[in-house]
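Residue strings, one per chain:
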Amino acid sequence: MVKTRSIATKVALVVSAVVIGALALTGWSALKRSDAELVRLQLSQASTRLTTNLGIAQRIFDERFPGPWQLAAGNPLIFSAGPAAPAETLTTQLFKGRAPIYGNAEVTAALVELSRLTGTKLSIAQRAGNDRALRLATSDTLTVTAGPLTVMPSRDPDTGLPVAAGLALAQGEVVDGRATIGEDDWTLYWPIRETGTNAAVLGVFYAATPYAPFAAAAGDASRQVAEGLLPLVLLIALGSSLLLFVLTRRMLRPLRAIHTAVSRLGEGEWPQEVQVRSRDEVGALAGAFNRMAADLRQTYATIEDKVRLRTHELEESNAALGQAREAADVANKAKSRFLANMSHELRTPLNAIIGYSEILEEEAEDRQLDDLVPDLRKIHGAGRHLLQLINDILDLSKVEAGKMDLYLETFAVRAMLEDVVSTIQPLVAQKHNTLVVDCPDDVGSIHADMTKLRQSLFNLLSNASKFTDTGTVTLRVRAEVVDGQRWIRMAVQDSGIGMTPEQVQRLFQPFTQADASTTRKYGGTGLGLTITKRFAELMGGTVTVESIQGQGSTFTLVLPAEVVPRPVTSDHVALMAGPKGLVLVIDDDPAMHDLVQRTLEKEGIAVIPALSGEEGIALARQLKPAVITLDVMMPGSDGWNVLRTLKADAQLAKIPVVMLTIIDDKNLGFSLGASEYLTKPVDRERLVRVIRRFRHEGGGRALVVDDDDAARDRMRELLRSESWEVSEARNGVEGLEALARGLPDLILLDLMMPEMNGFEFLAALRGRERGEQVPVVVVTAHDLTAEEREHLSTHVARVFDKDHLDSEALVAEMKRLLSESGAREG
Amino acid sequence: MAKILLVEDNELNRDMLSRRLTRRGYTVIVAEDGERGLELVRSERPDLVLMDMSLPGIDGWEATRRLRADPAIAEVRVIALTAHAMAGDRERAIEAGCDDYDTKPVEMDRLLLKITTLLGATP
């Protein structure tokens with residue numbers, strides 16, 4: 001790691017430099033000031049209290065000490081005297097601001113005298129400049145007496161020399177070199193050095209009274225000091241400023257560079273790296289910035305690459321989708337054309353069959369060949385039946401291909417009914433039935449597709465007539481208002497054979513009549529009801545049925561009085577081609593469709609996309625998907641609205657809705673009726689599990705493995721009536737082949753089979769991946785040994801006795817197992 | 001004896017329908033396409049034309065329009081026959097000038113009813 005000198009250090013350095021400079025300056029000037037001040041103080045005191053003038057002092061000194069006394073102007077009065085130098089020159093010394101007085105007792109006395117004469121307070125503090133003197137000073141404690149003047153001369157005990165004694169004008173005491181006399185705080189000064197061999201320090205004389213000439217002189221001195229200092233102060237200040245400026249600039253420049261770089265970065269430019277070489281925080285910051293910028297550049301480049309790649313992939317898949325869509329469109333058009341052609345091509349030879357059989361029938365009658373007539377009638381009848389089948393298939397495929405258009409017009413309901421009744425009358429009469437029409441005069445008009453409505457009613461009436469013999473068929477029509485909307489309710493009631501609930505359940509599935517024998521007995525294509533239902537749904541209506549076996553059935557067609565054209569995106573619908581267990585994905589994000597579609601289709605689940613709530617609802621109404629997945633945030637009608645609409649529609653309310661959204665509001669979702677709530681990003685496995693669980697509500701996919709055809713038939717019928725999807729295998733080997741095509745939700749297993757028996761199959765199943773999860777129910781006629789029973793108990797959910805099979809118990813057990821595995825998966 | 005012209009390109013249908021109509025006492029002449037049909041209308045003066053609409057060359061609609069446009073033959077009755085029982089076919093046929101319309105395969109009784117209605121009498 002690069003060792004950086006921190007900014008703090010730099011700043012500290014700068015600040016230190018500045019502070020040191022400032023301190024030096026102020027310290028020195030303070031020192032200067034204190035010296036100057038001291039002088040000024042001393043002089044000021046002198047000038048205040050010393051009323052005499054220099055002349056007086058001079059006179060006194062001249063009187064007392066004839067000799068070369070000299071008073072130096074601008075300084076305190078300093079006397080210096082010593083025993084050995086009576087005529088010693090009074091030296092004037094300015095030593096670090098302290099002005100010692102050199103002198104002797106006489107001098108002291110003179111000073112005292114001076115003080116007395118001038119009425120000035122005199123204070124003499126003394127301390128010897130050497131140990132002895134010091135000693136004296138300490139041993140001979142200064143006795144300060146009250147009174148104007150007390151002179152206390154003393155002598156050195158060793159030398160006998162007169163040494164300085166203190167004088168004070170007021171009482172006080174001396175502690176640690178400081179004397180407190182009265183209110184004044186005196187600093188005791190001492191001579192720093194002696195002059196002359198026997199020089200003794202007398203003390204410092206302070207003039208307590210200001211002495212104007214002194215003060216003036218002192219002022220000059222301090223001014224001189226100040227003036228002398230000024231350039232230096234300025235120089236230092238300037239230097240400091242310059243230093244600070246330079247250092248600041250040096251520090252700020254890289255910061256500015258970084259700032260610029262960051263700004264450019266923010267604007268999306270990729271600046272060159274910031275050139276900062278300093279080893280402080282700024283340098284570190286610049287380094288970090290450079291690394292970050294490099295990382296960003298790298299990341300951005302990677303992202304750009306990825307985006308380019310994804311864009312490319314997307315373009316490719318879009319192109320592929322476009323091609324697929326075009327192909328689908330082409331295929332769809334081809335399909336429509338094929339249907340139209342087929343109808344023509346099939347009908348043409350059929351016309352001949354029907355026509356010639358009629359001709360032959362007539363001619364046979366003419367020529368009395370009566371024994372041929374029944375057979376010719378059969379050919380004729382079969383031809384008619386085939387023709388009807390073809391027509392119905394054509395209609396149905398048109399509906400399912402989304403090609404069935406609605407021709408909406410407004411017409412009187414009664415007039416339309418009369419038309420239908422006159423058409424159906426011969427058919428009703430043929431079976432000796434009575435047709436009763438119950439319709440109020442003021443039933444009004446309807447805006448719908450007249451042809452499809454007529455055909456629907458015709459289908460219902462002919463159906464009723466077909467299954468009723470010497471009974472009554474009632475057509476009851478009412479106009480009613482539900483939720484502010486006008487509806488036309490048309491009920492066709494018969495007193496015919498009726499149906500069991502199981503038969504009712506299968507009723508609307510294509511090609512399924514109540515049972516196989518029905519077709520033989522009653523004829524018909526089995527498509528009439530399916531078509532009627534699809535037509536009704538196309539017009540936003542419903543067909544419902546109530547039936548009691550042996551007592552008759554009531555089919556009720558309800559249409560809105562104002563049918564609105566349904567927006568049907570035919571290419572979507574064409575692709576769905578009616579697979580069971582369809583999943584409708586409502587999401588405005590095509591990428592989501594892609595993901596869900598790929599995920600689910602891998603599992604063999606057909607997916608229909610809807611890109612908006614409105615389209616989703618329309619497709620849900622039309623396709624009746626097994627499960628709907630629903631996004632919340634969509635333009636137009638959002639997911640919550642769609643959910644409300646779905647749950648408010650009796651036809652759609654039962655379709656489980658799985659919320660698939662980024663919005664995590666499960667409470668709202670569940671309270672509005674969602675069956676499951678998944679949040680994006682999608683957990684694909686979970687999605688698959690959930691979809692499978694809901695897709696098979698009511699029934700799952702069962703594999704029946706049994707070599708007995710009759711048993712398989714029975715199982716199939718039983719399971720289909722419970723809405724199970726059934727696949728079959730005749731032995732274990734076929735069973736394994738069936739597993740390879742996809743695992744069922746449940747296996748019904750016989751034990752005694754050729755090629756591979758149930759035990760072997762079971763072992764193979766449990767050895768497969770995920771094979772352990774498939775519940776197995778054994779249905780066998782075989783008498784199990786205790787050992788076999790024990791073995792099975794660990795591998796199968798339940799064993800049923802084939803010979804005494806309790807269908808209800810079996811179905812209940814299967815449902816339980818299905819819901820258990822669903823719950824386990826979900 | 002009413003004369004009926006059957007314009008039909010399909011041989012089986014033509015044969016079948018002509019035989020059945022003949023059986024019921026009509027004089028039947030046939031044409032395979034629209035152009036030949038119009039010629040026969042002019043030369044044979046049938047009382048009624050059974051016109052298949054999907055014909056090669058001049059189709060049934062066009063043939064009917066031309067027939068109505070020719071004052072000499074404009075009064076001839078025309079019943080359109082079409083295999084496409086699509087909504088709008090009836091309207092299109094009437095628009096082209098047909099007097100009535102029926103779908104194939106022909107239901108003899110229904111067709112005969114329409115013929116007698118138009119001709120005002122049985123053959």
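The residue count restarts for each chain, going from 1 along the sequence in the order it is written. Here every chain gets a letter starting at A, and every ligand a number starting at 1, in the order they are written. Given that this is a predicted model, residues contribute local features only at a pLDDT of at least 70 and side-chain atom pairs are listed and counted only at 80 or more, while totals for whole chains, interfaces and linings are drawn from all residues. By convention in this description, side-chain values take in all heavy atoms of the structure and omit both hydrogens and water.

Time to look at a nonpolar patch on the surface. All names here are of chain A. On the surface, Leu-242, Phe-245 and Val-246 cluster together to form a nonpolar patch covering roughly 300 Å² of accessible area. Helix and strand labels come from DSSP, where a helix needs a run of H or I of at least four residues and a strand needs a run of E of at least two; each type is numbered from the N terminus. Tracing the backbone through its elements, the reader meets Val-246 in helix H5 (residues 212–266). The buried label goes to any residue with under 20% of its type's maximum accessible area, the exposed label to any with over 50%, and the partly exposed label to all in between, with areas taken from a 1.4 Å probe on protein chains only. In this structure Val-246 comes out as partly exposed when scored by relative accessible area, which is 41%. Exposure above 30% relative accessible area and no salt bridge define the residues that can form patches, which grow by joining like charges within 9 Å and nonpolar side chains of Val, Leu, Ile, Met, Phe, Trp and Tyr within 5 Å. Residue burial considers only the protein chains on display, and all accessible areas are found by Shrake-Rupley using a 1.4 Å probe. Counted as salt bridges are all cases of a side-chain nitrogen of Lys or Arg within 4 Å of a carboxyl oxygen of Asp or Glu.

Take helix H18 (residues 684–695) of chain A next. Multiplying one less than the number of residues by 1.5 Å gives the expected span of a helix. A rise of 1.5 Å per residue sets the reference length of H18(A), with its 12 residues, at 16 Å; its end C-alpha atoms lie 16 Å apart and thus fit the reference within 8%. Two or three places before Glu685(A), at the opening of H18(A), Asp683(A) has a side-chain oxygen 3.2 Å from that residue's backbone nitrogen. Two N or O atoms count as a polar contact when they lie within 3.5 Å, although within protein this holds only if one can serve as hydrogen donor and the other as acceptor, and sequence-adjacent residues are included solely when both atoms are side-chain atoms.

Residues and elements named next belong to chain B. Sheet topology note: the strand S1 (residues 3–7)/strand S2 (residues 27–31) ladder contains 5 bridges and is parallel. By the bridge assignment for S2, Lys-3 is matched with Thr-27. Orient the strands so they point away from the viewer; a crossover is then right-handed if the path from the first strand over the helix to the second runs clockwise. Once you follow S1 into helix H1 (residues 11–23) and on to S2, the crossover reads as right-handed. Paired strands, as defined in this entry, are two strands with at least two bridges between them according to DSSP.

What follows covers the sheet that holds strand S21 (residues 701–705) of chain A. All names here are of chain A. Taken together, the 5 strands give an open sheet; going across it, the order is S22-S21-S23-S24-S25, and neighbouring strands pair in parallel fashion. A single partner strand is all that each edge strand has here, and the edge strands are strand S22 (725–729) and strand S25 (798–801). Neighbour to neighbour, the strand axes of the sheet diverge by 20° on average, direction disregarded. In the sheet, S21 pairs with S22 via 5 bridges, with the strands oriented parallel. As a rule, the C-alpha atoms of each element are fitted with a line to give its axis, helices using only the stretch in contact, and angles between N-to-C directions run from 0 to 180 degrees.

Once that is clear, we can look at the sheet that holds strand S19 (residues 657–661) of chain A. Residue and element names in this part refer to chain A. Pairing in this open sheet of 5 strands is parallel, and the strands run S17-S16-S18-S19-S20 from one edge to the other. The two strands at the open ends of the sheet, each matched to only one other strand, are strand S17 (607–610) and strand S20 (676–679). Adjacent strand axes in the sheet meet at a mean angle of 20°, parallel and antiparallel pairs treated alike. Bridge analysis of S19 against S20 gives 4 bridges, and the strand direction is parallel. If you follow Leu-660 over to S20, its bridge partner there is Leu-678. Those strands touched by helix H15 (residues 613–623) are strand S16 (583–586), S17 and strand S18 (627–630), and its axis lies near 145° from that of S17. In what follows, residue pairs with any heavy atoms lying within 4.5 Å of each other are defined as contacts.

Moving on, we get to the confidence of the model for chain B. A score from 0 to 100, pLDDT tells how confident the predictor is in each residue. Summing up the model confidence of chain B, the mean pLDDT is 88 and the portion of residues at 70 or higher is 93%. The ipTM, which scores confidence in the relative placement of chains, is 0.77 for this predicted complex, and the corresponding pTM is 0.35.

Take a positive patch on the surface next. Charge counting treats Lys and Arg as positive and Asp and Glu as negative, with His and both chain ends excluded. Taken as the charge centre is NZ of Lys, CZ of Arg, CG of Asp or CD of Glu, depending on the residue. Taken together, Arg249(A), Arg250(A), Arg253(A) and Arg256(A) make up a surface patch of like positive charges. With respect to the element layout, Arg249(A) can be found in helix H5.

Let us look at the interface of chain A and chain B. Chain A puts 17 residues into the contact, and the matching count from chain B is 18 residues. By buried area we mean how much accessible surface two parts lose on assembly, using a 1.4 Å probe and totalling the loss over both. Summed over both partners, the interface of chain A with chain B buries about 1700 Å², with 52% contributed by carbon and sulfur atoms. Together, Asn351(A), Tyr356(A) and Glu362(A) form the three largest contributors to the area buried by chain A at its contact with chain B, with a combined 31%. Remark: the boundary between chain A and chain B carries 7 salt bridges. Here Glu107(B) makes a salt bridge to Arg384(A), at a shortest N to O gap of 3.9 Å. Elements with a contribution of two residues or more to the side of chain A that touches chain B: helix H6 (281–366) and helix H7 (373–400) of chain A. Sort the elements by how many residues they give to the side of chain A that touches chain B and H6(A) lands first, with 13 residues. Asp, Glu, Lys and Arg are counted as charged, while Ala, Val, Leu, Ile, Met, Phe, Trp, Tyr, Cys and Pro are counted as nonpolar; the rest, among them Gly, fall into the polar class. Partitioned by chemical class, the residues of the side of chain A that touches chain B number 6 nonpolar, 4 polar and 7 charged.

Turning to the nonpolar core, a few remarks are in order. All names here are of chain A. For the purposes of this section, nonpolar cores are sets of buried Ala, Val, Leu, Ile, Met, Phe, Trp, Tyr and Cys residues that join through side-chain atoms within 4.5 Å. Core analysis: the biggest nonpolar cluster contains 38 residues, and Leu-453, Leu-457, Val-477 and Leu-557 have the highest contact counts within it. Elements supplying a minimum of two residues to this core: helix H8 (413–430), strand S11 (445–449), helix H9 (450–466), strand S12 (472–482), strand S13 (485–494), helix H12 (528–538), strand S14 (542–548) and strand S15 (552–560). Looking at this core element by element, the count peaks at 7 residues for H8. Counting 24 residues, the second largest nonpolar core, distinct from the first, contains Leu-584, Ile-617, Ile-628 and Val-657.

Attention now goes to H12(A). Think of an α-helix as 3.6 residues a turn; residues three or four steps apart then line up on the same face. Residues and elements named next belong to chain A. Burial within H12 is extensive, with 9 of its 11 residues counted as buried. All of the buried residues in H12 are Gly-528, Leu-529, Thr-530, Ile-531, Thr-532, Phe-535, Ala-536, Glu-537 and Leu-538. Count one or two residues on from H12 and you reach Gly-540, which has phi positive near 80°.

The subject of this paragraph is the packing of aromatic side chains. Only Phe, Tyr and Trp rings take part, Trp by its six-membered ring, and two of them pair if their centres are within 6.5 Å. Stacked means planes under 30 degrees apart, edge-to-face means over 60, and tilted covers everything else. For the structure on display, the rule yields 1 aromatic pair over all chains. Taken together, a centroid distance of 6.2 Å and an interplanar angle of 65° make the contact between Phe670(A) and Tyr677(A) edge-to-face. Across from the ring centre of Phe535(A), 5.8 Å away, lies the NZ or CZ of Lys452(A), which sits over that ring. We call a charge positioned over a ring when the NZ of a Lys or the CZ of an Arg lies within 6 Å of the ring centre and within 35 degrees of the ring normal. In this structure, Arg92(B) packs its charged tip against the face of Trp61(B), placed 4.0 Å from the ring centre.

What follows concerns the packing of H8(A) against H9(A). All names here are of chain A. Close contact between H8 and H9 brings their axes to 10 Å; oriented N to C, the two are set at 30°. H9 is crossed by H8, and the crossing has right-handed handedness. Every residue of H9 that contacts H8 at Met-416, Leu-417, Asp-419, Val-420, Thr-423, Ile-424, Leu-427 and Val-428 is listed here: Met-450, Leu-453, Arg-454, Leu-457, Phe-458, Leu-461, Ser-462 and Ser-465. Crossings are classed by handedness, with left-handed meaning an anticlockwise turn of the near helix from the far one by less than a right angle and right-handed meaning a clockwise turn.

What follows covers the packing of H15(A) against helix H16 (residues 639–648) of chain A. Residues and elements named next belong to chain A. Packing of H15 against H16 brings their axes to within 10 Å, and their N-to-C directions diverge by 20°. Our classification of the angle between H15 and H16 gives roughly parallel. At the point where H15 passes H16, the crossing takes the right-handed sense. Touching Gly-613, Ile-617, Ala-620 and Arg-621 of H15 are Val-642, Thr-645 and Leu-646, all from H16. When the residues that make up the contact of H15 with H16 are grouped by side-chain class, the tally is 4 nonpolar, 2 polar and 1 charged. For classification, angles of less than 35 degrees are called roughly parallel, those exceeding 145 degrees roughly antiparallel, those between 65 and 115 degrees roughly perpendicular, and all remaining angles oblique.

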